[in-house]
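Chain by chain, the residues run as shown.
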Amino acid sequence: MKTFFKRVTLLILTLVAALMLPVGYIQLACRPSGETEDYVAILPSEHKRAEGRTLLTYPEWHIVHAYDDYARIIRDGDPHDYRYLSSIAGFWTSLCSLSKASGPHGAFPSALKQTIYTIGVSFTAELLAKAAYEESLGRVATWIRGDAHAPLDDLSAEQATSYSHFLRQTPWYRWDFTGDADALSDAATDAFRDRERLFALGLEYKVKASYANVIAAAVANMEPDALRLRMIVTGLNAEDLGRYRDVEVIAQRDEGIEIDTPRYRALTELLLEMAQAGGNFVEIAGNDDILFTAVSDQLDLDGALYSLARQGYGDTRHLVLLPVTDLAETLRQLTGQNLALEHIHDY
């Protein structure tokens, strides 16, 4: 019995060490380079956010995109068609590229970097576990099922799509995993594939629900991240800006009009609308550089920090860092360059 426990302990330690290897690699081989830029913000210090955050928000969105890719794959195919290892590699390799590029932007805030490492390790562990099951027992279940989807195949694809959309604006731990598990139970037939999906996904959802409760309790007493930010805009007057949903006009400055806006996905849609209406951006959250992602049929894009293929879409995502003052014109020119805006990464 002692030998058994020693072996189990050794196995666990080995797995933990393996999961931590990418973190060590990022720390040692992907160090920031370049001198920090000397930029004097227009907005008061209380409205300035660390510029390095625009780079460090992408890894979180990589996970959002991964769930979206997964939902797209299983809509017409099966979970074993998803390239789990490719998605894991994309997380860590993109983080390496962003870390190297973060030097002129104040590098990565240490507290946020630790958070990214934590979610990266969790994401890696989750996908490895899912791959191990779907590439073995899950694949066998599809052989028994045949080519046509079972009811729970279609329902799980719908749930995955809804979840990926939810993540664009809301933390993952607020998702109703228990409700998804109950929906599977209600919709399951006596078909073998449905029973297998009910077991596998039901267990996955229940584990995530428990973990989500732990995370929710852990962050309950923490100060939440700001849901809004300030920016300075030109090209649109105060009346025009006041018509945008959830936008508050704060003041007229010599440099432009100061406004208060929502963040995350809502901000991406808002900035695109403003740019198309003739607006230009002078400063966002006290910063003069910002990251955005765009997708296209091009495998490479000049000036992109990193590019990777999207699963299920047949195109490529490009990470582009540019001055805030160039953002609006760049957004207006995307269509002509065969690019589609995906997300603007605020701070």
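Residues numbered from 1 in each chain as written. Predicted model: local features only at pLDDT ≥ 70, side-chain atom pairs only at ≥ 80, totals over all residues. Heavy atoms only, no water.

A. Seen up close, the nonpolar core. By size, the foremost hydrophobic cluster in this structure holds 53 residues, and its most contacted members are Trp92 and Leu95. Elements represented by at least two residues in this core include exactly helix H1 (2-29), helix H2 (53-76), helix H3 (84-101), helix H4 (110-145), helix H5 (151-166), helix H6 (177-187), helix H7 (192-219) and strand S6 (306-309). Tallying contributions element by element places H2 first for this core, with 12 residues. Residue contacts for leucine 95: discarding those within four places in its chain leaves Ile26, Leu56, Pro59, Phe108, Ile116 and Tyr117. Of all hydrophobic cores here, the second largest spans 32 residues; its members include Ile290, Phe292, Leu301 and Leu331. (Core = buried A, V, L, I, M, F, W, Y, C linked by side-chain atoms within 4.5 Å. Buried < 20%, exposed > 50% of the residue type's maximum accessible area, 1.4 Å probe, protein only. Helix = DSSP H or I, 4+ residues; strand = E, 2+ residues; numbered from the N terminus. Contact = heavy atoms within 4.5 Å.)

B. Layout of the pairing of strand S5 (residues 289-296). Most of S5 is tucked away, with 8 of its 8 residues classed as buried. Here S5 shows no split at all, with Asp289, Leu291, Thr293 and Val295 on one side and Ile290, Phe292, Ala294 and Ser296 on the other all buried. In terms of strand pairing, S5 meets strand S7 (residues 316-323) through 8 bridges, oriented antiparallel. By the bridge assignment for S7, leucine 291 is matched with leucine 321. When S5 meets strand S8 (residues 340-345), the two strands line up antiparallel, connected through 5 bridges. When the sheet's bridge partners are listed, leucine 291 is paired in S8 with histidine 345. (Pairing = 2+ DSSP bridges.)

C. Highlighting the packing of aromatic side chains. What the rule picks out here adds up to 11 aromatic pairs. Aromatic rings pair up to connect Tyr67, Tyr163, Phe166, Trp172, Tyr173, Trp175, Phe177 and Tyr211 into one cluster. Over the face of the ring belonging to tyrosine 313 we find arginine 310, whose NZ or CZ atom lies 3.8 Å from the ring centre. (Phe/Tyr/Trp six-rings, centres within 6.5 Å; stacked < 30°, edge-to-face > 60°. Lys NZ or Arg CZ within 6 Å of the ring centre and 35° of its normal.)

D. Spatial organisation of the sheet that holds strand S1 (residues 228-234). Spatially, S2-S3-S1-S4 is the arrangement adopted by the 4 strands of the open sheet, whose pairing is antiparallel. Every interior strand has two partners, whereas the edge strands, strand S2 (248-253) and strand S4 (280-284), have only one. When the angles between neighbouring strand axes are averaged without regard to direction, this sheet yields 30°. As paired elements, S1 and strand S3 (residues 256-262) share 6 bridges and run antiparallel to each other. Along S3, the bridge assignment pairs arginine 230 with aspartate 260. (Axes fitted to C-alpha atoms, helices over the stretch in contact; angles between N-to-C directions.)

E. Main features of the pattern of salt bridges. Inspection of the entire model under this criterion finds 24 salt bridges. Taking the shortest distance from any N to any O, the salt bridge between glutamate 258 and arginine 230 comes out at 2.6 Å. One end of the pair, glutamate 258, is in strand S3; the other, arginine 230, is in strand S1, and 28 residues separate them in sequence. The same class applies to glutamate 258 as to arginine 230, namely buried. (Salt bridge = Lys/Arg side-chain N within 4 Å of Asp/Glu carboxyl O.)

F. The arrangement of the sheet that holds S8 in detail. Strand order across the open sheet formed by 4 strands is S6-S7-S5-S8, with antiparallel pairing between neighbours. Two strands lie at the open edges of the sheet, namely S6 and S8, each paired on one side alone. Across the sheet, the mean angle from the axis of one strand to that of its neighbour is 25°, orientation sign disregarded. Across the sheet, helix H10 (residues 324-333) touches S5, S7 and S8, and the angle it forms with S7 is around 135°.

G. Fine view of the packing of H5 against H6. Contact geometry for H5 and H6: axes closest at 10 Å, N-to-C directions at 160°. Classified by the angle between their axes, H5 and H6 sit roughly antiparallel to one another. Relative to H6, the crossing made by H5 is right-handed. Contact residues: H5 offers Pro151, Leu152, Leu155, Gln159 and Tyr163, while H6 offers Phe177, Asp180, Ala183, Leu184 and Ala187. Considered class by class, the residues forming the contact of H5 with H6 number 8 nonpolar, 1 polar and 1 charged. (Parallel < 35°, antiparallel > 145°, perpendicular 65-115°, else oblique. Left-handed = near helix turned anticlockwise from the far one by under 90°. Nonpolar A, V, L, I, M, F, W, Y, C, P; charged D, E, K, R; others polar.)

H. Structural detail: the environment of aspartate 186. With respect to the element layout, aspartate 186 can be found in helix H6. We classify aspartate 186 as exposed; its relative accessible area is 68%. Taking the C-alpha atoms as reference points, aspartate 186 and leucine 198, separated by 12 residues in sequence, lie 9.8 Å from one another.

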